[in-house]
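Commentary on secondary and tertiary structure
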Amino acid sequence: MTTLERTLAKALTEIVIRLDLSEDDAIAPGAVMEVLAPVIALLQDLPGQDRRALVELINQCAQEETDPDRHLTAWETPETLGLLA
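Residues numbered from 1 in each chain as written. Predicted model: local features only at pLDDT ≥ 70, side-chain atom pairs only at ≥ 80, totals over all residues. Heavy atoms only, no water.

1. Section: the layout of surface pockets
Taken as a whole, the largest pocket encloses approximately 210 Å³ of empty space. Listing elements by their share of the lining of the largest pocket, those giving two or more residues are α1 (3-21) and α3 (48-64). The residue makeup of the lining of the largest pocket, split by class, is eight nonpolar, no polar and two charged. (1 Å grid on protein atoms, 1.4 Å probe; cavity = no way out; pocket = protein on both sides within 12 Å on 5 of 7 lines; lining within 4 Å. Points joined across faces, edges and corners; volume = space filled by probe spheres on them. Helix = DSSP H or I, 4+ residues; strand = E, 2+ residues; numbered from the N terminus. Nonpolar A, V, L, I, M, F, W, Y, C, P; charged D, E, K, R; others polar.)

2. Examining the environment of Arg70
Mapped onto the elements of the fold, Arg70 is located in helix α4 (residues 68-80). In this structure the side chain of Arg70 is engaged in a polar contact, spanning 2.6 Å, whose partner is the side chain of Glu14. (Polar contact = N/O pair within 3.5 Å; in protein donor to acceptor, adjacent residues only side chain to side chain.)

This is the structure:
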């Protein structure tokens, strides 16, 4: 895994965590999907092998999370981003 790949996987995970754990009134209803929809669409275009590799990288990031809420959300990130479909 390159530094770039690790950084991008960590960045994607952090975005999902921040959106998921934000205060309900901090983000307008539907805004989360507006933010994530273009990202999900781009990731859907990846070949299956690349999607699986990204899932592995995100799971490695999830293992590093020590906060229980962040840890759970990080583990759910591949599903949130449509990588498991």
